[in-house]
Amino acid sequence: MKRVLGGLLLAVGLVVSALMMTGSLGVAQAQAQFVPQVSGGQMGSPVAVQTGGESATASGAGTGLDYVLAPNDRVRLIVFGEADLSGEFVIDSGGMASIPLVGEVQAAGMNLRTFQREVERRLKNGYLVDPRVSAQILNFRPIFVLGEVKAPGEHPFASGLTLLNAVAQAGGFTTLANTQRVFIRREGASGEEEIVVRSGVPVMPGDTIRIEKSAMFIYGEVRTQGEMPIPPGLTVRTAVAQAGGFSELADTQTVFVKRAGSEQEIAVPFDSGALVQSGDTLRVDKSSFFIMGEVAKTGELPMRPGLSVTNAAILAGGFTTRADTRTVFIRHAGETKEKRYRLTNDLVVQKGDTIRIPERFF
């Protein structure tokens, strides 16, 4: 009889243990189903965080457990078993989130886990026995991309966003952009930091990215004047080539360069290999002379090194039949009166000269 009773008690104990294990498994499954498992963390997709665990989808810097809340963030709170207390909440301009029963919580400045635990603590203080809360980010704060991009302004943040992705989202660099270095001001920081442009540089919600110009201005005796980009390693020679090359009347020996912030020009030899800097103004001067009087073609003509007056007349189509080929009148640049010279083969033209071939009278 004792053996039978003992056997019955053992059987009952095994059944009870099995029922308890099944109940625990059911609770665990219900909790697992309750907290959404979200991947990607893109705009409109929540980043789920559970108390005591790791971020479910924190694929981007600053978007998981360490994500710090700020105004304009949209947060979803799910209170297990309490649908009336769950919902979506926007952090207002003062950094507050208004939660049912709990009231206003200073959310700005808290990371997701801290915010979640604060809500749990307040719910436990007189409302729920053992509250379990899941916090999710629905929409991140936007970023701002300013300066030399094709679509400057506010742009949405997405988990895993990098600097180059942010620039692409803003339409890409303009032709005058500095594509080597940019400036980023992190949210809450007092100043900007200069960043070398490379793949993988993370962008955080609320960041302001500023792209500066990297351009020079060229004018004077080139075929295309105006503002132009500065690719890496741009020299004075390649800057002139980028501007279409010299005009017919250009001084091909020297280029005048004025640095950004300076009022003084520097004469730079064309073939010196000098590098052009952002903000430089390049001026290509004329190297020409004027010829008038008894030649076939009067007007402005380009200089040639060592050009004689006789050869200058040949460039102008040659002497007319009425030309005095023994005498010439020249007014040098900056002078108000012309001087009479004997026309010889060693008489050389100077830059800016005005030459007059007189008519002979006998």
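As a reminder, the structure under discussion sits directly above these lines.
Here's what I pulled together on the structure shown here. Nothing here was measured: the structure is a model prediction, and the numbers come from that model.

1. Some thoughts on the sheet that holds strand S12 (residues 215-220)
Item 1. What the five strands build is an open sheet, ordered S13-S12-S16-S14-S15; its pairing is mixed. One side of each edge strand has no neighbouring strand; the edge strands of this open sheet are strand S13 (226-229) and strand S15 (265-269). If you compare each strand with its neighbour and ignore which way they point, the axes differ by 30 degrees on average.
Item 2. Note: S12 against strand S16 (residues 281-284), four bridges, orientation parallel. From the neighbouring strand, Tyr 219 faces S16, where its bridge partner is Arg 283.

2. As for unusual backbone geometry
Item 1. Unlike most non-glycine residues, Asn 72 shows phi in positive territory, near 85 degrees.
Item 2. Topologically, Asn 72 is positioned in the loop between strand S1 (47-50) and strand S2 (74-79).
Item 3. Given a relative accessible area of 57%, Asn 72 falls into the exposed group.
Item 4. Non-glycine residue Leu 101 carries a positive phi angle of around 70 degrees.
Item 5. Its location among the elements puts Leu 101 in the loop between strand S4 (96-99) and strand S5 (103-106).
Item 6. Judged by its relative accessible area of 47%, Leu 101 falls in the partly exposed class.

3. Describing the pairing of S15
Item 1. Relative to S15, strand S14 (residues 254-258) runs antiparallel, the two sharing five bridges. Within the sheet, the bridge partner assigned to Val 257 lies in S15 and is Ile 266.
Item 2. Between the end of S14 and the start of S15, which pair antiparallel, lie six residues, with Gly 261 showing a positive phi angle near 85 degrees.

4. What to know about the environment of Val 196
Item 1. Relative to the elements of secondary structure, Val 196 occurs in strand S10 (residues 193-196).
Item 2. Separated by 17 residues in the primary sequence, Val 196 and Thr 179 place their C-alpha atoms 9.0 Å from one another.
Item 3. Excluding residues within four positions of it along the chain, Val 196 makes contact with Gln 180, Arg 181 and Val 201.

5. Some words on the pattern of salt bridges
Item 1. Summed over all chains, the structure comprises 22 salt bridges.
Item 2. Ionic pairing is found between Glu 212 and Arg 210, a salt bridge with its closest N-O pair at 3.2 Å.
Item 3. Note on Arg 210: relative accessible area 26%, which makes it partly exposed.
Item 4. Residue Arg 356 pairs with Glu 338 through a salt bridge whose shortest N-O separation is 2.6 Å. Pair noted here: Arg 356 is in strand S21 (residues 354-357) and Glu 338 is in the loop between strand S19 (327-331) and strand S20 (339-342), with a separation of 18 residues, a long-range link.

Calculation rules
- Residues numbered from 1 in each chain as written.
- Predicted model: local features only at pLDDT ≥ 70, side-chain atom pairs only at ≥ 80, totals over all residues.
- Heavy atoms only, no water.
- Pairing = 2+ DSSP bridges.
- Helix = DSSP H or I, 4+ residues; strand = E, 2+ residues; numbered from the N terminus.
- Axes fitted to C-alpha atoms, helices over the stretch in contact; angles between N-to-C directions.
- Buried < 20%, exposed > 50% of the residue type's maximum accessible area, 1.4 Å probe, protein only.
- Contact = heavy atoms within 4.5 Å.
- Salt bridge = Lys/Arg side-chain N within 4 Å of Asp/Glu carboxyl O.

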